[in-house]
Amino acid sequence: MLWVLAFHIISVICWFAGLFYLPRLFVYHAEAQDSISIARFKIMERRLYRGIMTPAAIASLIFGVWLLTYNPSFYFHALWMIGKLILVVFLIIFHLLCGYYLRKFESNKNIHSHKFYRFFNEIPTLLLIGIVLLVVVKPWS
């Protein structure tokens, strides 16, 4: 179980690294004016999303589900875990939204300003704070 937990934590860290960085790239991409920078951002965003974030997200979910199988009757009755899983659903939605915005940038159809992406960039931080507090503090136990 400890190996599975270790790989879950490693994959979550890798996933969050991308969730923090990709929206920041969107900020810079939305501000970019020259074609060389725009082309560079498209490459960086695509590689980050498809090469790091998505595999890390899949690994996080696989190892997370694997951990749940060790004691499902406990975990699915623990309110802190239900809260965590709800936040993970929002995290998955955020990840998919990143993919949506990535495709908009790829097709030169982005309609949002850098200010929008600056706000968007803060969402994974709030989700991380909630998830960590639920897992460590375990309120409502």
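The paragraphs below set out a description of the structure included in this document. (Residues numbered from 1 in each chain as written. Predicted model: local features only at pLDDT ≥ 70, side-chain atom pairs only at ≥ 80, totals over all residues. Heavy atoms only, no water.)

### Considerations on the overall build of the chain
Heads up, the rule is: Strands are runs of DSSP state E lasting at least 2 residues, helices are runs of H or I lasting at least 4, and numbering of each runs from the N terminus. Only protein chains enter the accessibility calculation, which uses a 1.4 Å probe. A residue is then buried if its area is under 20% of the maximum for its type, exposed if over 50%, and partly exposed in between.
When you go through the chain residue by residue, the secondary structure sums to six helices and zero strands. Listing every helix and strand of the chain by position from the N terminus yields α-α-α-α-α-α. The C-alpha extent of the chain, read off along each of the three principal axes, is 55 × 25 × 20 Å. Of all 141 residues assigned to the chain, the portion counted as buried reaches 37%.

### Notes on the nonpolar core
Put simply, the rule is: Definition of nonpolar core: a set of buried residues of the types Ala, Val, Leu, Ile, Met, Phe, Trp, Tyr and Cys, connected through side-chain atoms within 4.5 Å. Contacts: residue pairs with any heavy atoms within 4.5 Å of one another.
Counting 32 residues, the largest nonpolar core has Leu19, Leu22, Phe26, Met53, Leu91, Cys98 and Tyr117 as the members making the most contacts within it. Those elements that place two or more of their residues in this core are helix H1 (2-31), helix H2 (35-68), helix H4 (79-106), helix H5 (114-120) and helix H6 (123-137). Sequence-distant contacts of Leu22, that is, excluding residues within four places in its chain, are made with Glu45, Leu48, Tyr49, Met53 and Cys98.

### A look at unusual backbone geometry
Backbone geometry places Asn108, a non-glycine residue, at a positive phi of 55°. Looking at the element boundaries, Asn108 is found in the loop between H4 and H5. Taking relative accessible area as the criterion, Asn108 reaches 59% and is therefore assigned exposed. Residues other than glycine seldom take positive phi values, yet Lys138 does so here, at roughly 50°. Among the secondary structure elements, Lys138 is positioned in the segment after H6.

### Regarding the environment of Tyr117
Rules: Definition of a polar contact: a pair of N or O atoms within 3.5 Å, with one able to donate and the other able to accept a hydrogen when the atoms are protein atoms, and with sequence-neighbouring residues admitted only if both atoms are side-chain atoms.
Along the chain, Tyr117 falls in helix H5. Assessed through its relative accessible area of 0%, Tyr117 is described here as buried. Taking the C-alpha atoms as reference, Tyr117 lies 6.3 Å from Phe26; in sequence the two are 91 residues apart. Setting aside anything within four residues of it in sequence, one finds Tyr117 in contact with Pro23, Phe26, Val27, Ala30, Tyr101, Phe105, Asn110 and His112. Within the local environment of Tyr117, its side chain forms a polar contact with the side chain of Asn110, the two groups lying 2.5 Å apart.

### Some points on the packing of H2 against H4
This is how it is decided: A fitted line through C-alpha atoms serves as each axis, taken over the contacting stretch for helices, and the angle formed by two N-to-C directions is quoted from 0 to 180°. Roughly parallel means an angle under 35 degrees; roughly antiparallel, over 145; roughly perpendicular, 65 to 115; everything else is oblique. Rotating anticlockwise by less than a right angle from the far helix to the near helix defines a left-handed crossing, while the corresponding clockwise rotation defines a right-handed one. Charged residues are taken to be Asp, Glu, Lys and Arg, nonpolar residues to be Ala, Val, Leu, Ile, Met, Phe, Trp, Tyr, Cys and Pro, and polar residues to be all remaining types, Gly included.
For the pair H2 and H4, the least separation of the axes is 11 Å and the interaxial angle reads 160°. Judged by the inter-axis angle, H2 sits roughly antiparallel to H4. Note that H2 runs across H4; the crossing there is left-handed. Contacts between H2 and H4 pair Lys42, Glu45, Arg46, Tyr49, Arg50, Met53, Thr54, Ala57, Leu61 and Leu68 from the former with Met81, Leu85, Val88, Ile92, His95, Leu96, Cys98, Gly99, Leu102, Phe105 and Glu106 from the latter. Broken down by class, the residue content of the contact of H2 with H4 amounts to 13 nonpolar, three polar and five charged.

### Digging into H2
Note the cut-off: To estimate the expected span of a helix, subtract one from its residue number and multiply by 1.5 Å. Note on bend: the value at a residue is the angle between axes fitted to the seven residues ending there and to the seven starting there.
Spanning 34 residues, H2 covers 47 Å between terminal C-alpha atoms, matching the ideal 50 Å at 1.5 Å per step. A maximum bend of about 35° is found in H2 at Tyr49.

### Quick look at the side chain of Asn121
Residue placement: Asn121 occurs in the loop between H5 and H6. Residue Asn121 is classed as buried on the basis of its relative accessible area, which comes to 9%. Excluding its chain neighbours within four sequence positions, the residues that come into contact with Asn121 are Phe20, Pro23 and Arg24.

### Some remarks on the environment of Trp3
Relative to the elements of secondary structure, Trp3 occurs in helix H1. By relative accessible area, Trp3 is classed as exposed at 67%. Along the primary structure Trp3 and Phe63 are separated by 60 residues, whereas in three dimensions their C-alpha atoms are 9.7 Å apart.

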